[in-house]
Amino acid sequence: MKVLYSFITVIVLIIVASIGASIANLHYVFGIIIPYLAFIMFVGGFIYRVVKWGRSPVPFRIPTTIGQQKSLPWIKQNKIENPSSAFGVIVRMAMEVFLFRSLFRNTKTELREGKNGPELSYGSAKWLWLGSLFFHWSFLIIIVRHLRFFLEPVPFLVQAFENVDGMLQIGLPAIYLTDVFILIAVTFLFFRRLVVPQVRYISLPADFFPLFMIMSIAGTGILMRYFFKVDLVAVKELAIGLATFQPVLPTDIGPMFFIHIFLVSILFAYFPMSKLMHMGGIFMSPTRNMMNNSRMVRHINPWNYDVEVHTYEHYEDEFRDKMKKAGLPVEKE
Amino acid sequence: MAPKVKLPKPGELSQIDFKTPATDWMDTPVEFKPGTYCWGAKEKDLLTLGLPNPRQWSPADEDWKIPEGWESTILDGIAERLSKYRSFKIFMDICVRCGACADKCHFYIATGDPKNMPVLRAELLRSVYKKYFTKSGKFLGRLAGARELNMDVLKEWWSYFFQCTECRRCSVFCPYGIDQAEVTIIGRELLNLVGLNIDWIAGPAAACYMKGNHLGLEPHAITGNIESMVDDIEDITGIRVNPTFNRKGAEIMFVTPSGDLLGEPGVYTCMGYLMLFHELGLDYTWSTYASEGGNFGFFTSNETAKRLNYKIYAEAKRLGVKYIIGGECGHMWRVLNQYMDTWHGPADFLEVPVSPITGTVFENAKSTKMIHISEFTADLIKHKKLNLDPTRNDHLKVTFHDSCNPSRGMGMLEEPREIIKAVCNNFYEMPENTIREKTFCCGSGSGLNASENMEQRMRGGFPRANAVKYVKEKHGVNMLANVCAVDRAALPALMDYWNPGVGVTGVTELVANALVMKGEKERTTNLRFEDLPGKGGNE
């Protein structure tokens, strides 16, 4: 059911987009107004969420330490996974953001009956890491590649990405590796959610929806590049118009383009109100972005308030006789 | 109170059903099965601590006696904590439910109950957060994973936030570092707003508040217990150690969990401290007022934790010591490392710790001025300041259990290992995925080491016990060393249940057994009055 809801939603969105694409009068709405709205919702929403997070303080220094602390000089500290310097934190975060370090640790727990009773084992499990890495990197490179539509002349770096991405030179136009990777990866992530019973059990419609959206976006992108070709010159005209805030609407771009850009718009608009915000959140996660130096430097809690305590005086008042009998020194006789 | 329930046999408990229920988790009601949950907090303890809604109640009853309007108390509590803790906000917002944490939790591994997956445990609270604090949850409701707060949800929270030991293992594997311990800590704070704590936490916390320690030992009981340890030490070594209490002007104040003052095997670790400090001629004092290193307030609320922790710095200041050494304890060290200085610092009345024996300056504690006994001892050993005879531990084949908090909330991994390797000839590590930062909880941490939930404790400790079993079978390991008082209280039962024949010891007990003290008589027994290898008739 959860899968179905998300699936139907995406189908409805595609139908809406197709209607928009087939009625020329609506092209202005689908090609210009909706993308602008989506962009505003994305940027505004993203900033809103990050500012909202930032407004709450980090009262305690709570890094998850995943290696040896800095203590005695001859004990080798794990300066990255248990950082006590800003540099260590930067490296730790970079490994987390670019390489998915923590996901790389993943193991699979198995329980089996050994000859002397039950045995638990923790095997390596790198598929989720690999699938996620391919998915996210492909996504990023695809976005960078798309900059060629918005920029004239096309910057060297964007061109370089594109050349490398198409280096296999299979077919015409050349097949992009990232197109293949993202489809495989997103399909893997989808089937993993569907097939692994535990993951299926925890999944919400909100987990399937982005997967279907990304599948559809990649799918329409590939369709219009190889099968239902659109007028690229017109697309670029539209994109540059959007980017320079002088929107123009070229005629005859081709319907597939409108479906594609509509789905992209919806995904971007949806982004800030969804779990996709993990993109921003990872940078602010206190268990990863803090130094473990709370015994070296006092961490300040802005809302630290005085609490009711049981003082030594209270304690001695209650136990003075017993303390004296036990030979303990007291403040008041 | 429910009648005492029989503990199932290990063969039954290890039959774990990982099949997911037929119903969605939101439609699967929580079950209170005797043996798996703790008693409710007592009225008198909540009164002592001044916590809300003190009353007698039982989780087994239908009516938990929650005051009218509790929903808004909880929702206001969530709003307040969202504004106070960035961690809470972010952890509520960014989980993608990838499931990497699922089989990392000892309670999930050992129960197969999906609500024990860290992701779903967080979702129990996240679903309510979504309903009342996000637009998508308000409009889309269940489609967005949101649900209404009601009594069933509250009971479910109570059940599952007291089935989490705040061990942080999930946080190691989460790609965003989402820490279920943080969610549980906040979940328990919310529950405490309407008087829902457990007896095993509220009792010790109240005792600690009034008497200075979780066990509720009054001053004369503390000195009495230590005196009897001193007698035993004299019987074993011929040396009479001379500890002092509440002594002003001492150089060092020593604080350890009160679990070390009563009951085996904790007292042997305590005897170890006494012998070590005596041998060094350390100018130190105990305190009967700050007689607790641990902090069951930490399992109740931030405020309660701060109120209990107050005594340590206050007493150090009153006595005029230079710095503090802390004993072997797990969550105590997370609190001391990550919270104490923020709550009650700056400790400008203390000095940066310097070992009077080696001259080592403990720069890593230059602000809190409190060091761990294992840091202190590892330094002594490195500088060869201790005369050690590790053959006295030759009858032991030792493995080391990293306690959750020193490993994942501090990173003290090598210090205890250096010590053990210096005082024992037979040391074997458990499998890589079960030690150091990936260590498994004893199953009884964060205040869950009661007796009425023994079945759940034996489950929760199963992954730990299973790793011990591995080295027991492979290397003949017969002793499980640790630096945690809860471990010393909880692991003996766990070992008896899963791995009979494996003992439990604090690291300092091993040190004291190997320590050749100046002027000691020839020892024939260890601190447990068991014959030393080669010295007795039972070899």
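Residues numbered from 1 in each chain as written. Chains lettered and ligands numbered in written order. Predicted model: local features only at pLDDT ≥ 70, side-chain atom pairs only at ≥ 80, totals over all residues.

Structural notes on the pairing of strand β1 (residues 107–114) of chain A
Residues and elements named next belong to chain A.
- Relative to strand β2 (residues 117–124), β1 runs antiparallel, the two sharing 8 bridges. When the bridges of β2 are listed, T107 appears paired with S124.
- What sits between the antiparallel neighbours β1 and β2 is a turn of 2 residues. (Pairing = 2+ DSSP bridges. Helix = DSSP H or I, 4+ residues; strand = E, 2+ residues; numbered from the N terminus.)

Some remarks on the interface of chain B and chain A
- Contact with chain B, which involves 94 residues of that partner, is made by 82 residues of chain A.
- Per-element tally for the side of chain B that touches chain A: the top contributor is helix α14 (residues 302–319) of chain B, with 7 residues.
- Looking at the side of chain B that touches chain A residue by residue, the classes come out as 39 nonpolar, 26 polar and 29 charged. (Contact = placed C-beta atoms within 7 Å. Nonpolar A, V, L, I, M, F, W, Y, C, P; charged D, E, K, R; others polar.)

Here's the deal with the domain arrangement of chain B
Residue and element names in this part refer to chain B.
- Domain assignment breaks chain B into domain 1 (29–196) and domain 2 (205–514).
- At the interface, 24 residues of domain 1 touch 31 residues of domain 2.
- Counting residues per element, the ones that place at least two in the side of domain 1 that touches domain 2 are α2 (43–49), α5 (106–111), α9 (169–173) and α10 (180–193).
- The element best represented in the side of domain 1 that touches domain 2 is α5, accounting for 5 residues.
- Grouping the constituent residues of the side of domain 1 that touches domain 2 by class yields 10 nonpolar, 8 polar and 6 charged. (Domains from an automatic or database assignment.)

Brief notes about the packing of helix α8 (residues 151–161) of chain B against α10 of chain B
Residues and elements named next belong to chain B.
- Close contact between α8 and α10 brings their axes to 10 Å; oriented N to C, the two are set at 130°. Between α8 and α10, the interaxial angle falls into the category oblique. Where α8 crosses over α10, the two elements pack in a sense that is left-handed. Contacts from W157, W158 and F161 of α8 reach α10 at T184, G187, R188 and L191.
- Residue composition of the contact of α8 with α10, grouped by class: 4 nonpolar, 2 polar and 1 charged. (Axes fitted to C-alpha atoms, helices over the stretch in contact; angles between N-to-C directions. Parallel < 35°, antiparallel > 145°, perpendicular 65-115°, else oblique. Left-handed = near helix turned anticlockwise from the far one by under 90°.)

Points about helix α12 (residues 219–237) of chain B
- With 19 residues, α12 of chain B extends 27 Å between its outermost C-alpha atoms, agreeing within 8% with the 27 Å of an ideal straight helix rising 1.5 Å per residue.
- Those residues of α12 of chain B that fall on the buried side of the exposure criterion are P219, I222, T223, I226, M229, V230, I233, I236 and T237 of chain B. End-on view of α12 of chain B: buried residues confined to an arc of 135°, all on one side of the axis. When the buried face of α12 of chain B is taken as reference, the exposed residues oriented beyond 90 degrees from it are S228, D231 and D235 of chain B.
- The inward-facing, buried residues of α12 of chain B contact α13 (312–325) of chain A together with α13 (266–280) of chain B.
- Of the residues flanking the end of α12 of chain B, it is G238 of chain B, one or two places downstream, whose phi is positive at about 80°. (Expected span 1.5 Å × (residues − 1). Buried ≥ 20, exposed ≤ 12 C-beta atoms within 10 Å, placed from the backbone. Arc of directions from axis to C-beta.)

Focus on the confidence of the model for chain B
- Looking at chain B, the pLDDT average stands at 96 and 98% of residues meet or exceed 70.
- Scoring of the predicted complex yields 0.95 for pTM and 0.95 for ipTM. (pLDDT = per-residue confidence, 0-100.)

A closer look at the nonpolar core
- Grouped together as the largest cluster of nonpolar side chains are 240 residues, with contacts concentrated most on L263 of chain A together with M253, M271, I324 and I420 of chain B.
- For this core, the leading source of residues is helix α11 (residues 255–270) of chain A, giving 11 residues.
- The contact partners of M253 of chain B, leaving out residues within four places of it in the chain, are Y284, T285, S287, E315, A316, L319, V321 and I324 of chain B. (Core = buried A, V, L, I, M, F, W, Y, C linked by C-beta atoms within 7 Å.)

Observations concerning the sheet that holds strand β3 (residues 323–326) of chain B
All names here are of chain B.
- With parallel pairing, 4 strands are arranged side by side in an open sheet as β2-β1-β3-β4. A strand with exactly one partner marks an edge of an open sheet, and here the two such strands are β2 (284–286) and β4 (370–372). In this sheet, adjacent strand axes meet at a mean angle of 30° when their direction is disregarded.
- Judged from the 3 bridges that link them, β3 and β4 form a sheet pairing that is parallel. Residue pairing across strands places I324 opposite M370, the latter belonging to β4.

Overview of the environment of S102 of chain A
- Counting through the fold element by element, S102 of chain A comes out in helix α4 (residues 101–104).
- Exposure remark for S102 of chain A: the 25 C-beta atoms within 10 Å place this residue in the buried category.
- Placed 36 residues apart in sequence, S102 of chain A and I66 of chain A show a C-alpha to C-alpha distance of 9.9 Å.
- Contacts of S102 of chain A, omitting those with residues within four sequence positions, involve E96 of chain A together with V172, F173, C174, P175 and G177 of chain B.

Considerations on the environment of T73 of chain B
All names here are of chain B.
- You can see T73 is positioned in helix α3 (residues 70–84).
- Note: C-alpha distance between T73 and L191 (118 residues apart in sequence) is 9.8 Å.
- In this structure T73 touches L193 and V194, once residues within four positions along its chain are discounted.

With respect to the pairing of strand β1 (residues 252–255) of chain B
Residue and element names in this part refer to chain B.
- Neither face of β1 is exposed, since I252 and F254 on one face and M253 and V255 on the opposite face are all buried.
- Examined bridge by bridge, β1 and β2 share 3 bridges and lie parallel to one another. Its bridge partner being in β2, F254 is matched across the sheet by W286.
- Handedness of the β1-α13-β2 crossover: right-handed.
- For β1 and β3, the ladder comprises 4 bridges, and the chain directions are parallel. From the neighbouring strand, I252 faces β3, where its bridge partner is Y323. (Right-handed = clockwise from strand over helix to strand, strands pointing away.)

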